[in-house]
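Read off the chains here:
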Amino acid sequence: VLDATGSDGDYPRGYRVHVGNSLEELGDPVAEGEGSGARVELTLDPPQRGRFIRIEQTGSIGGLWWSIHELTLQIAD
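Residues numbered from 1 in each chain as written. Predicted model: local features only at pLDDT ≥ 70, side-chain atom pairs only at ≥ 80, totals over all residues. Heavy atoms only, no water.

**Structural notes on the sheet that holds strand β1 (residues 2-3)**
- Here three strands make up an open sheet; going across it, the order is β4-β1-β6 and the pairing antiparallel. The outermost strands of the open sheet, each flanked by one partner alone, are β4 (39-40) and β6 (70-71).
- Both β1 and β6 contribute to a ladder of two bridges, which runs antiparallel. Bridge pairing in β6 links L2 to L71. (Pairing = 2+ DSSP bridges. Helix = DSSP H or I, 4+ residues; strand = E, 2+ residues; numbered from the N terminus.)

Structure follows, in structure tokens:
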């Protein structure tokens, strides 16, 4: 969950998520899409394993920033 609650309008207009075991080997995106509000829930299907996560902003709108106040990850067994 990417949560920007508290910063109205500052949600990700577009994003890509990469997961990997090193910063040099993050590979292709495992999720990409567009947000439509302050709380964006992502489901990685299939679930991914890795030590590193990169969340990349791919969209914007003039005059607004992208804020993530809280990042929540559910760890699978």
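Text resumes after the structure shown.
**So, the packing of aromatic side chains**
- For the coordinates displayed, the defined rule picks out zero aromatic pairs.
- Sitting over the ring of Y11, R13 keeps its end group 3.8 Å from the ring centre. (Phe/Tyr/Trp six-rings, centres within 6.5 Å; stacked < 30°, edge-to-face > 60°. Lys NZ or Arg CZ within 6 Å of the ring centre and 35° of its normal.)

**Some words on the pairing of strand β2 (residues 15-20)**
- For β2, the tally of buried residues reaches five of six residues, placing the bulk of the element in the interior.
- Of the pairings in the sheet, the one linking β2 to strand β5 (residues 52-57) comprises six bridges and is antiparallel in character. Looking across to β5, one finds that Y15 is bridged to Q57. (Buried < 20%, exposed > 50% of the residue type's maximum accessible area, 1.4 Å probe, protein only.)

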